[in-house]
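In case you want the letters, here they are:
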Amino acid sequence: MGGIKFTEKIIINCSPSEAFEYTQDYNNRLKWDTFLKRAELMDGAQEAGKGVRAYCVARNGLGMVTEYVSFNPPKATAIKMTSGPYMFQSFLGSWTFHDLGEKQTEVIFLYSFKLRFPFNVANGLIKRNLQSNVRRRLRDLKANIENLRAKQAQPLSMGKDRHQFS
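Each helix and strand counted, the protein chain has three helices and seven strands in total. Computed over the C-alpha atoms, the radius of gyration of the protein chain is 17 Å, within 12% of the 15 Å expected from 2.2 N^0.38 for a compact globule of 166 residues. On the principal axes, the C-alpha backbone points of the protein chain span a range of 60 × 35 × 25 Å. Counting across all 166 residues of the protein chain, residues that qualify as buried make up 42%. Counting only contacts in the protein chain whose residues sit at least 6 apart along the sequence, the fraction spanning at least 24 positions is 50%. Charged side chains in the protein chain number 25 positive and 15 negative. The centres of these two groups are separated by 8 Å.

Listed below in structure tokens is the structure:
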């Protein structure tokens, strides 16, 4: 059986650079990524970038080490699995950020993976489960970014630097 590939997308009211920076900042990751219970950069890295490795653990307890294979702010980034759950023979993911103008960005999340036997018998079920999780993650990302932007639109006397996006 071949690999599985799917994309999900959402429009967020922010610039591509805001969306890119927020999604790739591991200090923010668990604020919006409801699929994960742990997310950290490895080997002393302080920020994401090409060649940087990350360790993420899903709420179901499955962990995966990934490496950034591309990092092109504010347009796109991609990772590949270097080690992870036995069920995955290979795993790739990417984010793409399209500027729609008027401070709107289309965020596209792509997964491509191949399952080992006997897990490949459940290709459709596993794909649907991951796709559902990605949809939820994108909705949560949108809500978090747009809520932050709404708070930042308040007068500076509220104590928050309106230009700081974190």
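In this structure, the amide linkage connecting Pro 73 to the following residue, Pro 74, adopts the cis form with an omega of -5 degrees. Mapping Pro 74 onto the fold places it in the loop between β4 (63–72) and β5 (76–83). Phe 117 connects to Pro 118 through a cis peptide bond whose omega is 5 degrees. Mapped onto the fold, Pro 118 is located in the loop between β7 (104–115) and α3 (123–152). Positive phi outside glycine occurs at Glu 102, with the angle close to 50 degrees. Residue position: Glu 102 is located in the loop between β6 (88–101) and β7.

Every α-helix carries 3.6 residues per turn, so stepping three or four residues along brings you back to the same face. In terms of residue burial, helix α1 (residues 16–24) counts as a mostly covered element, since seven of its nine residues are buried. Turning to α1, the residues buried within the fold contact α2 (29–32), β4, β5, β6, β7 and α3.

In this section: the nonpolar core. Core analysis: the largest hydrophobic core is formed by 40 residues, its most contacted members being Phe 88, Val 107, Phe 113 and Leu 141. Top contributing element to this core by residue count: α3, with seven residues. With residues up to four places along the chain from it excluded, the contact list for Phe 113 reads Gly 3, Ile 4, Phe 6, Phe 88, Ser 90, Phe 91, Ile 126, Lys 127 and Leu 130.

With that settled, consider the environment of Tyr 68. Note on placement: Tyr 68 falls in strand β4. Judged by its relative accessible area of 2%, Tyr 68 falls in the buried class. Expressed as a C-alpha distance, the spacing of Tyr 68 and Ala 54, which sit 14 residues apart in the sequence, is 8.2 Å. At 3.2 Å, the side chain of Tyr 68 and the side chain of Tyr 26 are in polar contact.

With that settled, the discussion passes to the sheet that holds strand β3 (residues 53–58). Pairing in this open sheet of seven strands is antiparallel, and the strands run β1-β7-β6-β5-β4-β3-β2 from one edge to the other. This sheet does not close on itself; its edge strands, each paired only once, are β1 (4–12) and β2 (36–41). Shown here is a sheet whose adjacent strand axes are inclined to one another by a mean of 20 degrees, direction ignored. Taken strand by strand, α3 contacts β1, β2, β6 and β7, and its axis lies near 20 degrees from that of β1.

Relative placement of two packed helices is described by the angle separating their axes and the distance separating the axes. Interaxial distance between α1 and α3 falls to 11 Å at its minimum, and their mutual angle equals 115 degrees. Our pair here, α1 against α3, has a crossing hand that is right-handed. On α3, the residues that touch Glu 18, Ala 19, Tyr 22 and Thr 23 of α1 are Leu 141, Asn 144, Ile 145, Leu 148 and Arg 149. Residues belonging to the contact of α1 with α3 are distributed by class as follows: five nonpolar, two polar and two charged.

Under the counting rule described, the total for this entry stands at 13 aromatic pairs. Ring geometry for Phe 6 and Tyr 111: centres 5.6 Å apart, planes at 75 degrees, overall edge-to-face. Here Tyr 111 lies in strand β7 and Phe 6 lies in strand β1, a separation of 105 residues in the sequence. We classify Tyr 111 as buried; its relative accessible area is 7%.

Rules and cut-offs
- Residues numbered from 1 in each chain as written.
- Predicted model: local features only at pLDDT ≥ 70, side-chain atom pairs only at ≥ 80, totals over all residues.
- Heavy atoms only, no water.
- Helix = DSSP H or I, 4+ residues; strand = E, 2+ residues; numbered from the N terminus.
- Rg over C-alpha atoms; globule rule 2.2 N^0.38 Å.
- Buried < 20%, exposed > 50% of the residue type's maximum accessible area, 1.4 Å probe, protein only.
- Contact = heavy atoms within 4.5 Å.
- Lys, Arg positive; Asp, Glu negative; His and termini not counted.
- Charge placed at Lys NZ, Arg CZ, Asp CG, Glu CD.
- Core = buried A, V, L, I, M, F, W, Y, C linked by side-chain atoms within 4.5 Å.
- Polar contact = N/O pair within 3.5 Å; in protein donor to acceptor, adjacent residues only side chain to side chain.
- Pairing = 2+ DSSP bridges.
- Axes fitted to C-alpha atoms, helices over the stretch in contact; angles between N-to-C directions.
- Left-handed = near helix turned anticlockwise from the far one by under 90°.
- Nonpolar A, V, L, I, M, F, W, Y, C, P; charged D, E, K, R; others polar.
- Phe/Tyr/Trp six-rings, centres within 6.5 Å; stacked < 30°, edge-to-face > 60°.

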